[in-house]
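Residue strings, one per chain:
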Amino acid sequence: MKPPARRPRPDAARPDAFRPDAARAAPPRPRNPTRSAALALLNAVLLRHRGLEEALDSLPPAEARDRAAAHRIAAAVLRRLGSLDAVLEPLLRREPPPEVRQALRIGAAELLLLETPPHAAVASAVDLVPRPFAGLVNAVLRRVAAQGPAALEELDGERLDTPGWLWSAWHAAYGPAVRAIARAHRVPAPLDLSLLPGTAPPAGAERLPTGTARLPAGTRITELPEFAAGQAWAQDAAAALPARLLAAVPGMAVADLCAAPGGKTAQLAATGARVVAVERDGNRMGRLRENLLRLKLEAELVQADAAAWNPGTRFDAVLLDAPCSATGTIRRHPDVPHLKRPGDIPTLAGLQRRLLENAARLLAPGGRLVFATCSLQREEGEAQAMAGIPGLVPDPVRPEEVPGLEAALSPEGWLRTRPDLWAEQGGMDGFFMARFRAA
């Protein structure tokens, strides 16, 4: 006897069924403002290829708490995108529309990474999607919640969360350390501060060997008295090193090329040097000006293309923190791996070469040049230094200039920081630095 035929399930039982009649009939559900903002941020980065900070600035007015929480959620998704998708993939019969995919990622990140209560994570993700997809999101995220964080432990997270071209490049450059680098990118970075001379570190801050004051990740700089008093600014410990290596002194004539947003300009101005800060972008120049005003520091600001700028004078020292792929800043900018492409690197390396050649022409005899990039790509660092610069000779960095970072010095006297260095203290950005002197 043949078994009775199974009756097809009604659409309401099929979470991935799209029912336009239901969509028209159902009233819209109120959206959680934090999750709505997180969804907008992810759409901006992953669909429209806009930077996360730029997208955050363009959000509609909202409470500071909602904006900060939305940024935290979006950043968590971007850091662990590959792993989150690997958890979701077996639970989906077909690829959902992009906005539904983002809602699922948000819900999974809240469940597996951010310790959001399951009922809140699932319900808020459901409210982000059109009603025909509510059942899908509800069903999938309930299964994710049942698996719990253990679902991530079975995955090769370092590999999944790193684009293949970056993994290959870093493996070629750093060997097995590629895993430690990728691991460092998976957690939020601490808040690093540079301080005006004579300013004590904020309460609870750790003073790093190179002088940076470090506070835990999630600390709001705007709530610090030192920031409100114009005595401190945010600057990663590695980002503070190029100006330190320039060793400016009072009265020294210094050019800071590609200067915005102004952290290094502030360091140089605070030494008493006569600083000329050159920046091509007008909007970024405005930010540089605002930062110097807040810190009550002075520098001459010039809006010009540093690759062609010729002021008709020469400088005792030049700092060139050149535009680059910024792959060394992924801890702080988790959108970078999703915005950059392999083809960007040769273009940026060509720009860096033009900037270096012009920077060399700005030096007085015996003058010092520090070249830096916040990139982990060798084409934007070691390869540039190895090629040499006409008219300049190497001026190797000495171990005593970078206490605690002796392991980051190369035999040539270049400094290569990585996100996995000082891991117990919270790591640091990936920078390359080389110093030269005019012959």
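Residues numbered from 1 in each chain as written. Predicted model: local features only at pLDDT ≥ 70, side-chain atom pairs only at ≥ 80, totals over all residues. Heavy atoms only, no water.

**Thoughts on the sheet that holds strand S4 (residues 232-234)**
Two modes of strand pairing occur in sheets, parallel and antiparallel, and in both the strands are linked by backbone hydrogen bonds.
1) Next: Strand order in this open sheet of four strands is S2-S3-S1-S4, and the pairing throughout is antiparallel. The sheet terminates laterally at strand S2 (206-207) and S4, the two strands that pair on one side only.
2) Next: Across two bridges, the pairing between S2 and strand S3 (residues 213-215) is antiparallel. Note that in S3 the partner of Glu206 across the bridge is Arg214. (Pairing = 2+ DSSP bridges. Helix = DSSP H or I, 4+ residues; strand = E, 2+ residues; numbered from the N terminus.)

**A closer look at the pattern of salt bridges**
1) Next: Tallied over the entire structure, the rule returns 28 salt bridges.
2) Next: The closest approach of N and O atoms between Asp156 and Arg179, which form a salt bridge, is 2.8 Å. Here Asp156 is found in the loop between helix H9 (150-153) and helix H10 (157-160), whereas its partner Arg179 is found in helix H12 (residues 177-184), with 23 residues between them in sequence.
3) Next: As a salt-bridge pair, Glu158 and Arg183 come within 3.0 Å of each other at their nearest N and O atoms. Highlighted residues: Glu158 in helix H10 and Arg183 in helix H12, separated in sequence by 25 residues. (Salt bridge = Lys/Arg side-chain N within 4 Å of Asp/Glu carboxyl O.)

**Quick look at the domain arrangement of the protein**
1) Next: What the domain assignment lists for the protein is domain 1 (15-153) and domain 2 (191-438).
2) Next: Placing a centre on the C-alpha atoms of domain 1 and another on those of domain 2 gives a separation of 37 Å.
3) Next: Contacts between the two partners involve 13 residues from domain 1, matched on the other side by eight residues from domain 2.
4) Next: Note on domain 1 versus domain 2: buried area summed over both sides is about 800 Å², and carbon and sulfur give 63% of it.
5) Next: When the buried area of domain 1 at its contact with domain 2 is split by residue, His49, Leu78 and Arg79 rank highest and sum to 41% of it.
6) Next: Connecting domain 1 to domain 2 are zero salt bridges.
7) Next: Linking domain 1 with domain 2 are three residue pairs in polar contact (both at pLDDT 80 or more).
8) Next: Going through the elements one at a time, helix H2 (33-47), helix H3 (52-57) and helix H4 (64-79) are the ones with two or more residues in the side of domain 1 that touches domain 2.
9) Next: Counting residues per element, the side of domain 1 that touches domain 2 draws most heavily on H4, which supplies five residues. (Domains from an automatic or database assignment. Contact = heavy atoms within 4.5 Å. Buried area = accessible area lost by both parts, 1.4 Å probe. Polar contact = N/O pair within 3.5 Å; in protein donor to acceptor, adjacent residues only side chain to side chain.)

**Here's the deal with the side chain of Ser375**
1) Next: Mapped onto the elements, Ser375 comes out in the loop between strand S9 (363-373) and helix H19 (382-387).
2) Next: In this structure Ser375 comes out as buried when scored by relative accessible area, which is 0%. (Buried < 20%, exposed > 50% of the residue type's maximum accessible area, 1.4 Å probe, protein only.)

**Re the environment of Pro396**
1) Next: Tracing the backbone shows Pro396 in the loop between strand S10 (392-394) and strand S11 (415-416).
2) Next: In the structure, Pro396 is positioned 38 residues away from Ala434 in sequence and 7.4 Å away in space, judged by C-alpha atoms.
3) Next: The contact partners of Pro396, leaving out residues within four places of it in the chain, are Glu401, Glu412, Gly413 and Arg435.

**Quick notes on the nonpolar core**
1) Next: The biggest cluster of nonpolar side chains holds 54 residues, and the ones touching the most others in it are Trp170, Val254, Leu268, Val402 and Leu415.
2) Next: Contributions of two or more residues to this core are made by helix H11 (164-174), H12, helix H14 (241-246), helix H15 (263-270), strand S6 (274-279), helix H16 (282-295), strand S8 (315-321) and S9.
3) Next: Excluding anything up to four places from it in sequence, Val402 contacts Leu241, Leu245, Val397, Leu409 and Leu415. (Core = buried A, V, L, I, M, F, W, Y, C linked by side-chain atoms within 4.5 Å.)

**Focus on the UniProt feature "active site" (unreviewed entry) in the protein**
1) Next: The residues that UniProt annotates with the feature "active site" (unreviewed entry) are Cys374.
2) Next: Structurally, Cys374 can be placed in the loop between S9 and H19. (UniProt positions renumbered as here; feature names shortened; annotations may be inferred.)

**Re the side chain of Arg353**
1) Next: Of note, Arg353 is situated in helix H18 (residues 344-361).
2) Next: Buried within the structure, Arg353 lacks any salt-bridge partner; Glu357 is the closest side chain of opposite charge, at an N-O distance of 4.6 Å.
3) Next: Ignoring anything within four residues of it in the chain, the contact list for Arg353 reads Gln384, Ala387, Gly388 and Ile389. (Lys, Arg positive; Asp, Glu negative; His and termini not counted.)

**Concerning the packing of helix H6 (residues 98-112) against helix H8 (residues 134-147)**
Helices that pack against each other are described as a pair by the angle of their axes relative to one another and the distance between those axes.
1) Next: At a minimum axis distance of 10 Å, the contact between H6 and H8 shows a crossing angle of 25°. Taken as axis vectors, H6 and H8 run roughly parallel relative to one another. Two packed elements cross with a definite hand, and for H6 against H8 that hand is right-handed. Contacts from Val100, Leu104, Gly107, Ala108, Leu111 and Leu112 in H6 reach Leu136, Val137, Val140, Leu141, Val144 and Ala145 in H8.
2) Next: Of the residues that constitute the contact of H6 with H8, the class distribution is 11 nonpolar, one polar and no charged. (Axes fitted to C-alpha atoms, helices over the stretch in contact; angles between N-to-C directions. Parallel < 35°, antiparallel > 145°, perpendicular 65-115°, else oblique. Left-handed = near helix turned anticlockwise from the far one by under 90°. Nonpolar A, V, L, I, M, F, W, Y, C, P; charged D, E, K, R; others polar.)

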